[in-house]
Amino acid sequence: MNKISDKLNLISEAFKSVLYEHDERFLEGMKNNNLAGDDIRKYRLWEWTQGVGLYGYWQMFESTGKIEYLELVEKYYADRFKEGLPSKNINTTAPMLTLAYYCHYKKNDVYLAECIEWAEWIMNDLPKTEEGGFQHITSDTLNDQELWDDTLFMTVLFLAKIGKMTENQDYIEEAKYQFLVHTKYLQDTKTGLWFHGWTFNGHHNFVNALWGRGNSWITIAIPELFEIIEVEASTRKFLLQTLKKQVEGLKKYQDESGMWNTLLDDSTSYLESSATAGIGYGILKACRLGLLDPEYGEVAHKAVAPIMERINSQGLVEDVSYGTAMGRENQQFYKDIPIEPMPYGQAMVMLFLIEAEKNKNRKVIVV
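Caption draft 1: A look at the pattern of salt bridges. Tallied over the entire structure, the rule returns 16 salt bridges. The salt bridge partner of Lys16 is Glu13, with a shortest N-O separation of 3.0 Å. One end of the pair, Lys16, and the other, Glu13, are both in helix H1 (residues 3–18), three residues apart, so they sit about a helical turn from each other. Under the relative-accessibility criterion, Lys16 is labelled partly exposed at 29%. A relative accessible area of 43% places Glu13 in the partly exposed class. Taking the shortest distance from any N to any O, the salt bridge between Arg80 and Glu83 comes out at 3.5 Å.

Caption draft 2: A look at the side chain of Ser12. Counting through the fold element by element, Ser12 comes out in helix H1. Residue class for Ser12 comes out buried when judged on its relative accessible area of 1%. Only 3.5 Å separates the side chain of Ser12 from the side chain of Tyr69, close enough to count as a polar contact. Once residues within four sequence positions are removed from consideration, Ser12 is found in contact with Tyr57, Met60, Tyr69 and Met350.

Caption draft 3: Seen up close, the nonpolar core. In this structure, Val52, Phe153, Phe158, Phe179 and Phe352 are the most contacted members of the largest nonpolar core, which totals 114 residues. Sorting elements by how many residues they give to this core places helix H15 (residues 343–358) first, with ten residues. Of all hydrophobic cores here, the second largest spans eight residues; its members include Val207, Ala209, Leu263 and Tyr334.

Caption draft 4: Highlighting unusual backbone geometry. Of note, the phi angle at Lys107 is positive, near 55 degrees, even though the residue is not glycine. Looking at the secondary structure, you find Lys107 in the loop between helix H5 (94–106) and helix H6 (109–124). A positive phi angle, close to 50 degrees, is found at Asn143, a residue other than glycine. For Asn143, the location among the structural elements is in the loop between H6 and strand S1 (146–148). A relative accessible area of 4% means that Asn143 is categorised as buried.

Caption draft 5: Representation of helix H8 (residues 169–186) in the model. For H8, spanning 18 residues, the distance from its first C-alpha to its last is 26 Å, which sits close to the expected 26 Å at 1.5 Å a residue. Of all the residues in H8, the buried ones are Tyr171, Ile172, Glu174, Ala175, Lys176, Gln178, Phe179, Val181, His182, Thr183, Tyr185 and Leu186. Contacts made by the buried residues of H8 are with H6, S1, helix H7 (151–166), strand S2 (197–199), helix H9 (212–228) and helix H10 (233–253). Capping of H8 at its N-terminal end is provided by Asn168; its side-chain oxygen lies 3.0 Å from the backbone amide nitrogen of Asp170.

Caption draft 6: Structural context of H15. Over its 16 residues, H15 runs 23 Å from end to end, which matches the ideal 22 Å to within 8%, given 1.5 Å per residue. H15 sits mainly inside the fold: 14 of its 16 residues count as buried.

Caption draft 7: Looking closely at the packing of H7 against H8. Two elements in contact, H7 and H8, have axes separated by 7 Å at closest approach and are oriented at 155 degrees. Between H7 and H8, the crossing angle belongs to the class labelled roughly antiparallel. Viewed along their axes, H7 and H8 form a crossing whose handedness is left-handed. Contacts between H7 and H8 involve Thr151, Leu152, Val156, Leu157, Leu159, Ala160, Ile162, Gly163, Lys164 and Thr166 from the former and Tyr171, Ile172, Glu174, Ala175, Gln178, Phe179 and His182 from the latter.

Caption draft 8: Expanded view of the environment of Gly132. Take Gly132: it is sitting in the loop between H6 and S1. When the C-alpha atoms of Gly132 and Glu174 are compared, they prove to be 9.5 Å apart, with 42 residues separating the residues in sequence. Dropping the residues within four chain positions of it, Gly132 is found in contact with Glu174, Tyr177 and Gln178.

Caption draft 9: Expanded view of the packing of aromatic side chains. By the definition in use, this model includes 24 aromatic pairs. The interplanar angle of 40 degrees and the centroid separation of 4.6 Å between the aromatic rings of Phe81 and Tyr111 together place this pair among those described as tilted. Placement of the pair is Phe81 in helix H4 (residues 67–83) and Tyr111 in helix H6, with a sequence separation of 30 residues. The class for Tyr111 is buried, based on a relative accessible area of 11%. One aromatic cluster is present, formed by Trp46, Trp58, Phe61, Tyr76, Tyr77, Phe81, Tyr102, Tyr105, Tyr111 and Trp118 through successive ring pairs. Here the guanidinium or amino end of Lys161 rests over the ring plane of Tyr101, the centre of that ring lying 4.1 Å away.

About the criteria used
Residues numbered from 1 in each chain as written. Predicted model: local features only at pLDDT ≥ 70, side-chain atom pairs only at ≥ 80, totals over all residues. Heavy atoms only, no water. Salt bridge = Lys/Arg side-chain N within 4 Å of Asp/Glu carboxyl O. Helix = DSSP H or I, 4+ residues; strand = E, 2+ residues; numbered from the N terminus. Buried < 20%, exposed > 50% of the residue type's maximum accessible area, 1.4 Å probe, protein only. Polar contact = N/O pair within 3.5 Å; in protein donor to acceptor, adjacent residues only side chain to side chain. Contact = heavy atoms within 4.5 Å. Core = buried A, V, L, I, M, F, W, Y, C linked by side-chain atoms within 4.5 Å. Expected span 1.5 Å × (residues − 1). Axes fitted to C-alpha atoms, helices over the stretch in contact; angles between N-to-C directions. Parallel < 35°, antiparallel > 145°, perpendicular 65-115°, else oblique. Left-handed = near helix turned anticlockwise from the far one by under 90°. Phe/Tyr/Trp six-rings, centres within 6.5 Å; stacked < 30°, edge-to-face > 60°. Lys NZ or Arg CZ within 6 Å of the ring centre and 35° of its normal.

Structure representation (C-alpha cells):
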C-alpha cells in the first residue's frame, strides 16, 4: 500500500468522528443570531462544514467502492431526516449536493423530492442581489446584497446537479448564470485571484481579501460544474479562461513549500491546509478533464508532500482555518482566524489525495 493510500485510510477513519463533533462556538453564536428562529439543535450536524465533509466522503466511496463509506452517508442522512432539517440558506444547502449524488445512485424518491423542494426554494425564495446574484444568506447573518465566493460550491453546484438529474433546464441555466455574475464581481482583474466578497451596498470588495480557502472553492467549482452539466461553447470558453487566469495567479503566489497562505498575496499570513488541498484538487481535476494544460499539474503536485505531512497520527488534518465570515474591517481578521481540525479540512484533503492517485499516470480525458 502506497503512502497516499495509507494517509487516505487514516483521514477517512478520523472523519467518522470529526463529522459528528458539535461546533460549540457556532451554536453559541446561533443563540442570539438565529435568523430562522427554529431549533438550533438541527444545525449541529447540518451546515456547510458537514456538507463539504460529506462530499469528500462520497468521493471516497465512488473512488474505492467500499460499502462502509456508503453506509456512513446513508446513516447520516437517515438520522438527520429523522431529527428534522434546519431552515434553508446558502450554507445549509451544502449537504444537499451529496444527497443529490446519493439519490442518483440509489434512486431514492423521498430524498429526491426533498432535493427538488430545496431547488425550488433556491430559484424562488432565496434572496437575490442586484443583477440576480444569490445573496449569501447564512444561518445567522442576512448579508444583504452580498456575493461571496463560497456560494458556487455551497449552493450552485447542487442546483446544477439536481437540474441535470431532473432535466430541468431552468435550474441548469440559473447555475451557469451564477458562475458568470460571481465572476464579474469577485475575480480580481490584476491577479486573476478571487476576492472573498462583493457588496452592492457601496459597490466594493470589502477589504479586498484574496482569501485562500475562498479561492479554492472556485478552483474546485469550475471543474465540478463541467463534470455535472454540459456547458455551451461561449460560457465554457469564458469559464475556462476564468479558471486559467486564476491558476496562473495561484502559481505565482504559491509558497516555496508547495502550500498556499490563508491570504494568498500575504506571505506573513499562515500556510493553510484546506485552501492548499482544495486548490490542489481543483487543478489536478481540471488537468485530468482536459480543462487545463497538464503542465499546471506540477503546481498541484508540489502541494502533495506538505499536505501529507500535516496529517497527524490520529488522522486529523492540521493547520486548517476555522469557518471564516466576511472580513469587514481589515485583512488582519483573516490572519486571526484560529486553526483546528474541521470536517471540511478532512474532506478537502481526501479529495486532493484521491485526485493525486488518479493523476499518477497522467491520463487526460476531455469532457
